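Chain by chain, the residues run as shown.
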Amino acid sequence: MAADRWRFKLTAAVLIAVVLATPLNPSGEETISQWTQTTSYPIRVAGDSCVGAAARIYCVGGFDDRDNSHDAVYYADMGASGIGGWTPGPSYPRDIDSASCVAATAGIYCVGGEDASTVLDDVYFAPLTSSQLGPWSSAAAYPEAVSAPSCVAYSGYIYCVGGFDSNGYEVSSTYYASLSSG
């Protein structure tokens with residue numbers, strides 16, 4: 001019995017030493033190559049929100065050099081040779097910039113943002129099939145009006161952190177919501 005316990009402790013110590021000595025990424029560090037220009041976006045904007053899903057990039061809204069927000073939605077195929085030609089998608093339900101859009105299993109969700117002068121609590125959803133982005137519909141409102149939150153979709157949930165409130169102050173609010181089919 002004591003010998004078994006001693007072997008167990010020795011085996012555990014060896015395993016711990018091996019784990020601690022093994023780099024987290026044994027295949028080497030991932031690096032980024034030199035940037036290469038690809039197909040230009042159809043309009044000049046900042047504050048748009050882009051997501052990647054099903055080998056496409058989808059970009060929503062943004063504001064121009066006159067601080068006008070846009071309801072434009074464009075998508076393009078992505079590949080090793082860059083981005084293909086941009087195609088207009090279904091317009092966002094309102095002019096928007098500084099929203100945070102995420103790609104979930106069933107489609108794209110966009111949270112918050114502003115329409116040049118008003119910070120919003122809107123959340124909209126567009127279903128995504130292999131061939132197209134569907135029309136936008138309203139989803140459960142965000143608990144507070146927020147512009148430029150940072151949101152991610154993970155394992156059936158959307159998580160959002162921070163942003164700016166309607167007075168332009170940074171917020172520390174963090175919320176999450178579960179996604180369900182139907």
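Preceding this section is the structure that the text describes.
Residues numbered from 1 in each chain as written. Predicted model: local features only at pLDDT ≥ 70, side-chain atom pairs only at ≥ 80, totals over all residues. Heavy atoms only, no water.

Our focus in this paragraph is the pattern of salt bridges. Once their charged atoms are close, side chains differing in charge can pair, the charge on each being opposite to the other. All told, the structure shown has three salt bridges when counted by the stated rule. Across the salt bridge formed by D77 and R56, the nearest N and O atoms sit 2.8 Å from each other. A residue pair is termed long-range when its members are at least 10 positions apart, and D77 in strand β3 (residues 73-79) and R56 in strand β2 (residues 56-60) qualify at 21 residues. The exposure class of R56 is buried, given its relative accessible area of 16%. Measuring nitrogen to oxygen at the nearest pair gives 3.0 Å for the salt bridge that ties D115 to R94. Of this pair, D115 sits in the loop between β7 (107-111) and β8 (123-127) while R94 sits in the loop between β5 (87-88) and β6 (100-103), and the two are 21 residues apart along the sequence. Judged by relative accessible area, which is 22%, D115 ranks as partly exposed. (Salt bridge = Lys/Arg side-chain N within 4 Å of Asp/Glu carboxyl O. Helix = DSSP H or I, 4+ residues; strand = E, 2+ residues; numbered from the N terminus. Buried < 20%, exposed > 50% of the residue type's maximum accessible area, 1.4 Å probe, protein only.)

To continue, consider a nonpolar patch on the surface. Residues V152, Y154, Y157, Y159 and Y176 make up a contiguous nonpolar surface patch of roughly 550 Å² in combined accessible area. Put simply, the parts of the chain that give the nonpolar patch at least two residues each are β10 (150-154) and β11 (157-161). Relative to the helices and strands, Y154 resides in strand β10. Its relative accessible area of 59% is what places Y154 among the exposed residues. (Patch = residues over 30% accessible without salt bridge, like charges linked within 9 Å, V, L, I, M, F, W, Y side chains within 5 Å. Areas by Shrake-Rupley, 256 points an atom, 1.4 Å probe, with all protein chains shown as cover.)

In this structure the tally under the stated criterion is three disulfides. Two residues share a disulfide in this structure: C101 and C110, whose sulfurs sit 2.1 Å from each other. Its S-S torsion of about 105° marks the bond between C101 and C110 as right-handed, since a negative value means left-handed. Between C151 and C160 runs a disulfide, and the two sulfur atoms are separated by 2.1 Å. For the disulfide bridge between C151 and C160, the dihedral angle about the S-S bond is near 110°, and by the sign convention the bridge is right-handed. (Disulfide = S-S within 2.5 Å.)

So, about the layout of surface pockets. Here the largest pocket is characterised by a volume of approximately 310 Å³. What lines the largest pocket is a set of 16 residues, among which V123, A140, I158, A177 and S178 lie closest to the centre. Elements that contribute at least two residues to the lining of the largest pocket include exactly β7, β11 and β12 (174-178). In terms of residue class, the lining of the largest pocket is built from 14 nonpolar, two polar and no charged. (1 Å grid on protein atoms, 1.4 Å probe; cavity = no way out; pocket = protein on both sides within 12 Å on 5 of 7 lines; lining within 4 Å. Points joined across faces, edges and corners; volume = space filled by probe spheres on them. Nonpolar A, V, L, I, M, F, W, Y, C, P; charged D, E, K, R; others polar.)

Time to look at the nonpolar core. Counting 18 residues, the largest nonpolar core has Y58, V60, Y92, I108, C110, L133 and W136 as its most contacted members. Residue assignment for this core shows that the elements contributing at least two residues are β1 (49-53), β2, β3, β7 and β8. When neighbours within four sequence positions are excluded, L133 is seen to be in contact with Y58, V73, P90, I108, A126, P127 and L128. With 11 residues, the next largest nonpolar core counts Y109, V123, Y142 and V146 among its residues. (Core = buried A, V, L, I, M, F, W, Y, C linked by side-chain atoms within 4.5 Å. Contact = heavy atoms within 4.5 Å.)

A few words now on the sheet that holds β7. The strand order β6-β7-β8-β9 describes an open sheet built from four strands, whose pairing is antiparallel. Each edge of the open sheet is held by one strand with a lone partner, namely β6 and β9 (137-138). In terms of strand pairing, β8 meets β9 through two bridges, oriented antiparallel. Its bridge partner being in β9, F125 is matched across the sheet by S137. (Pairing = 2+ DSSP bridges.)

Here the focus is the sheet that holds β10. Spatial ordering of the open sheet is given by β10-β11-β12, a layout of three strands whose pairing is antiparallel. The open sheet has two edge strands with one neighbour each: β10 and β12. If you compare each strand with its neighbour and ignore which way they point, the axes differ by 15° on average. Note that β11 and β12 share five bridges and pair antiparallel. Across the sheet, the residue bridging to C160 is Y175, located in β12. (Axes fitted to C-alpha atoms, helices over the stretch in contact; angles between N-to-C directions.)

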